[in-house]
Amino acid sequence: MQIKRVSVIAVLPERLKCLRGLAYNFWWSWQPDAASLFSQMEPALWEKLNHNPVKLLRVLSQRRLEELAADQDFCSRMDDVIERFDRYMKERAASPREPFSHERPIAYFSAEFGLHESLQVYSGGLGILAGDHCKAASDLKLPLVGMGLLYKSGYFVQTLTSEGVQEANYPELQFDELALVEARDAEGRVLHVSVNVAGRDVEARVWSAKVGHVSLFLLDTDIPENDAWARQITSKLYGGGIETRIAQEMILGIGGVRALAALGIKPSVFHINEGHAAFLSLERIRQLSQEEGLLLEEALPVVSANQVFTTHTPVPEGHDHFDVQLFGRYVGPFVETMGIDFEEIWSLGTVRAGDYEQNFYMTILALRTSRFANAVSALHGEVSRAMWQSLWPQVPEDEIPIQHVTNGVHTSTWLSSSFLGLYKQYLGEDWEARQTEASLWEKVDEIPDQVLWEAHQASKETLLSFVRSRVETQRRRLEEPPHALEAARHLLRPDVLTVGFARRFAPYKRATLLFHDLERLEKIVCHPERPIQFIFAGKSHPHNQAGKDILQEVYQVSRMPAFEGKIVFVEDYDTNVGRHLVQGVDVWLNTPIRPQEASGTSGQKVAFNGGLNASILDGWWVEAYNGENGWAIGRGVDLGDRENQDYLDAMALYDCLEYQIASLYYEEGEKKSAWLRTMRASMKTICPFFHTHRMVTSYCEEMYRPAAEAGALLASQDFEKARTLSKWKERLHEAWGGVQVESWDIPTTEVIEVGQPQKAEAIVSLGMLQPEDVAVEFYIGRYDGVGALHTHRIVKMELAESLGGGRSRYVGMVSPDESGEFGFSVRVVPSHPWMGHRHAMGWVCWG
C-alpha cells in the first residue's frame, strides 16, 4: 500500500486572523497578557509546543478555533492585546534623531540571538544579551536591524542519564513552523546571497523575524542549491569543528553584509557583537575597494570610523583563532577577489605583521577595524585592556582604546506577572519608560511588607511547581520507580530559603564550589531551624568534557540521600527555565574565578523580581554591590593559586550562606522585615541602572552616534577626506622616526602640595612634521599599592615658540588635584581631527 503523508493545518476564523500578525512578531514574548492569550487557547498544547504561537495556530483543532472565535471574553481580551500591539507598532518614530534613520539603521551582527525558547538559535549569555539588545532598541524606537545565522538544529536539547551524563540531542527545526518569513528582494524573489568559502560558492537563504520594530535577518545554507558539505555549515550552533566555525563566521560576516546590500539597507553603523562576525570588515573593505576605488589604507579608516566592536571574553583561549593553513584555505580565495595582498589581510588579525607562525585572531581583526571598542563591565574593561595591550605596546594600559558599557537586561522579558502588577500599582503605569530614574525606584519603600512578600512568594510557588513537574518528567523518562516519582512531586518547600545557580557549565564558573566540603554543606542544607535548598540548571558544551564532568558531579550530589529533594538539577536549561528561576529564587548564587566573568546578567534579572545576589566580586557585581544590597563572597582578591583560591572561596561561601544569608532570612520568622529591607535596597540600587534601556542608550550616545557621524564624514565628497587622512598617515609613518622629546622639566621638589601650580616645559623635535600633526602632552600617572603606574590625568601642552630646524618649545600648567605618589613625563602623540581616538595609530614618543 502506498501512503503519502500530508500536513493539514488549521484555518483561522475571520475573527481570529489578527492573531497571525501577533504570532509572527516576538513583541508578544515580553507582554504577559499576549503570552497568556496564546496559552489560554489550549494550555497543555501551548506547553508541549514550547510556547510557539505560530505552530499553535497551525495545529490547534478547527473546532477549538471556532469555539474561541465565538468566545466573547476571549475575543475581548484578544482585542485589547491587538490594540496595544497596533499602537506600539505605530509609535515607530517617523523621523528618528539624526544621524540614524530607517534607511540608515544600526546593523547588529551576532552569532546567536536569544529572543525566546521557541526560536532555538542561542546557547547562553551572548545570545540572550543580543536578544535583549534588539528588544530594547525596539522599545526605544532606535533604527536597528539584526544579522545572524539560522541553525537547522539550533543548540542541543539536553537530557541526562541516570548517572548524570549529559546527552546532546539535535532535533531539526521546521522553519515554516517558526515565526520566520523568507526575505525577498525588490522584485519579490526569495533572497539568496553567495559567499566564496574555501574556494566554493556557498548560497545562503535570508530569513526574517520581527522583534517589535526591529527586523532580525538570519542566514541559512541548508538549501537545495548547495552540496551536502555547504548545507551543513549552518546545521548547529557551535557544532562541528574548527573548519565549521570558520565557515560559519564567513557566512555571518561576509554574507551578512551582502544580504543587507541586497535588501537595500545601508547601515549608518556596524556593530560586531563578539568576534564571530568580524569578517564583515573584510567584505566592507572589498566593497570600498572594488566599488569606490579605494586602496586598503584608504578603506580601513572608512570601515573603522562607523564600526563598533563588543568583546565578551575575558580569557585569551576563548577568542576564535585560525592558523595560516586553515585561514589560507578557507579565506584565501575570498582575499583573492579583494585584489589585496594576502599578507596585508593576514596582518589585520595578528599581533605582528607578516608573521605566519602566529594565529589569526577574530578579536584582533575586530579591534584593528573598529574605531569604537568596548568590554561589558568595568572590571572586564580592565582585563581586556591588559589582554590586548600588545596591539598598542607604547600606550599605557589604562589608555588602551577599549572602554566599557556594562551589560543590562530587558526588564519586561524577565519580569514575573506578580512584580509587574506591583510596579504598575506602586511605581505607576509608565514605570518602564522611567526605569532609568533612581527616584522612581525609591517608591518601592511604599509597597507594604506583606504585599511585597506575597508577590515574591507567588513567583516562588510557581517556580517550585515548575521544577517538580520537570523533575518528574525527567524521572519518568529514566523509568525510575514509583516512590521516586512521588518524591519528585514533593521536592522543595516554599518556606525554605531557596538558592538558584544556572548558567553554562564552564569550569571557570565553578558550579561545584558549593560541594568543596560536603559534610559542612549537609549541615547547612539540613539545619533544623535554618535550612537552605538549591536549584541547579545549565548545559556544558558537548565538546567540553571538563564541563560535562562538573555537571555530572552536580547531578550525582543532588541524588545523594543527604541532599535528595533539597538540591535539585533541572535539565535542558533554556529561556523558559531561566525565567522561572530568576523570578522565583530567594538568592542567586554566582561563584566564578575572578576576573573571568565578563559581566553576567542573570543576577540582574533576579533583582527586578525581588531576589538577592550572593556573588564573587566579579563582572557586573563589582559595580552593583554596596554592602547593603546583597552579599559578596570573599574579598575580591586574586590569589593566583587555583587550589588555594577554591578553598578560601568555598569557606567564604559557607560562612556567607550560614551566618549572613540564612540568619537574615530566618531572623524574624514570617515577618521578614530585615530581609525585605535588603530586597528593597537591592531593587533601589540595581534596577535603575542594570537594564538594556540604559545599556542601549549608552551605546547610542557613546558609540553609535559618534560612529555614524565619523562614518558620514569620511564618506563625504566621494571619500575625499578618507584619501586625505590616508595620505596624512603615510606622511606621518615616514617622518615619525624623527620625532623626539629632547628635554623637559617641571620646577618642583620631590614634595608639592595639592593645588600648587607647576609650569612644565619641553623641547620637542618634530623633524619633517608640523606642530598641527601632533599633540604634546604632560603625562601624570599615579602609583598604586604595588608600585604600578596608572594614567591619572593628561594635560595638553601648548606651542610657546618655534626654535627652528623642526624644534619647538612647549609649555603647560600642571596643578595636582589629589595627594599620593605620582610620576610625571612628557610625550608626543599623532593628532588629526579625523583620526578618532588619540591612540588610534598606537604611536607614542616618550620623553
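The rules we used
Residues numbered from 1 in each chain as written. Predicted model: local features only at pLDDT ≥ 70, side-chain atom pairs only at ≥ 80, totals over all residues. Heavy atoms only, no water. Helix = DSSP H or I, 4+ residues; strand = E, 2+ residues; numbered from the N terminus. Rg over C-alpha atoms; globule rule 2.2 N^0.38 Å. Buried < 20%, exposed > 50% of the residue type's maximum accessible area, 1.4 Å probe, protein only. Contact = heavy atoms within 4.5 Å. Areas by Shrake-Rupley, 256 points an atom, 1.4 Å probe, with all protein chains shown as cover. 1 Å grid on protein atoms, 1.4 Å probe; cavity = no way out; pocket = protein on both sides within 12 Å on 5 of 7 lines; lining within 4 Å. Points joined across faces, edges and corners; volume = space filled by probe spheres on them. Nonpolar A, V, L, I, M, F, W, Y, C, P; charged D, E, K, R; others polar. Pairing = 2+ DSSP bridges. Axes fitted to C-alpha atoms, helices over the stretch in contact; angles between N-to-C directions. Patch = residues over 30% accessible without salt bridge, like charges linked within 9 Å, V, L, I, M, F, W, Y side chains within 5 Å. Salt bridge = Lys/Arg side-chain N within 4 Å of Asp/Glu carboxyl O.

Considerations on the overall build of the protein chain
Line of reasoning, step 1. The number of helices and strands found in the protein chain is 29 helices and 28 strands.
Line of reasoning, step 2. Taking 2.2 N^0.38 as the reference for a compact globule, 847 residues should give roughly 29 Å; the C-alpha atoms of the protein chain span a radius of gyration of 29 Å, in line with that estimate.
Line of reasoning, step 3. Along the three orthogonal principal directions, the C-alpha set of the protein chain runs to about 95 × 70 × 50 Å.
Line of reasoning, step 4. Across the 847 residues of the protein chain, 58% fall into the buried class.
Line of reasoning, step 5. The contacts in the protein chain between residues at least 6 apart in sequence include a share of 72% that link residues at least 24 apart.
Line of reasoning, step 6. Of the roughly 34100 Å² of accessible surface on the protein chain, a fraction of 49% belongs to carbon and sulfur atoms.

Examining the side chain of R475
Line of reasoning, step 1. Tracing the chain through its elements places R475 in helix α20 (residues 449–477).
Line of reasoning, step 2. Each residue touching R475, except ones within four places of it in the same chain, is listed here: E480, A484, L485, A487, A488, L491, R559 and E564.

Digging into the layout of surface pockets
Line of reasoning, step 1. Estimated volume of the second largest pocket: approximately 1200 Å³.
Line of reasoning, step 2. L300, R368, K729, A840 and M841 are the residues nearest the centre of the second largest pocket, which is lined by 32 residues in total.
Line of reasoning, step 3. For the lining of the second largest pocket, the secondary structure elements donating two or more residues are α11 (296–305), α14 (342–347), α15 (362–368) and α29 (692–735).
Line of reasoning, step 4. Its residues assigned to classes, the lining of the second largest pocket shows 17 nonpolar, nine polar and six charged.

Remarks on the sheet that holds strand β22 (residues 758–765)
Line of reasoning, step 1. If you walk across this open sheet you meet the four strands as β21-β22-β26-β25, and the pairing is antiparallel. Since the sheet does not close on itself, it has two edges, and those belong to β21 (740–745) and β25 (798–804), each with one partner. If you compare each strand with its neighbour and ignore which way they point, the axes differ by 20° on average.

Section: α11
Line of reasoning, step 1. Among the 10 residues that make up α11, eight are buried, leaving the element largely enclosed by the rest of the structure.
Line of reasoning, step 2. For α11, every residue scored as buried is listed here: L296, E298, A299, P301, V302, V303, S304 and A305.
Line of reasoning, step 3. Residues of α11 that are buried make contact with α10 (280–292), β10 (307–310), α14, β13 (372–375) and α29.

Some words on a nonpolar patch on the surface
Line of reasoning, step 1. Taken together, the side chains of V637, L639, Y647 and L648 make up a nonpolar region of the molecular surface, amounting to roughly 340 Å² of accessible area.
Line of reasoning, step 2. Residue placement: Y647 occurs in helix α27 (residues 642–665).
Line of reasoning, step 3. Here Y647 falls in the partly exposed class, since its relative accessible area comes to 41%.

A few points about unusual backbone geometry
Line of reasoning, step 1. Between R594 and P595 the backbone carries a cis peptide bond, its omega angle lying at 0°.
Line of reasoning, step 2. Of note, P595 is situated in the loop between β18 (587–590) and α25 (602–608).
Line of reasoning, step 3. The backbone phi angle of R510 is positive, close to 50°, even though this residue is not glycine.
Line of reasoning, step 4. Mapped onto the fold, R510 is located in the loop between β15 (497–502) and α22 (518–525).
Line of reasoning, step 5. At Q717, a residue that is not glycine, the phi angle is positive and equals roughly 55°.

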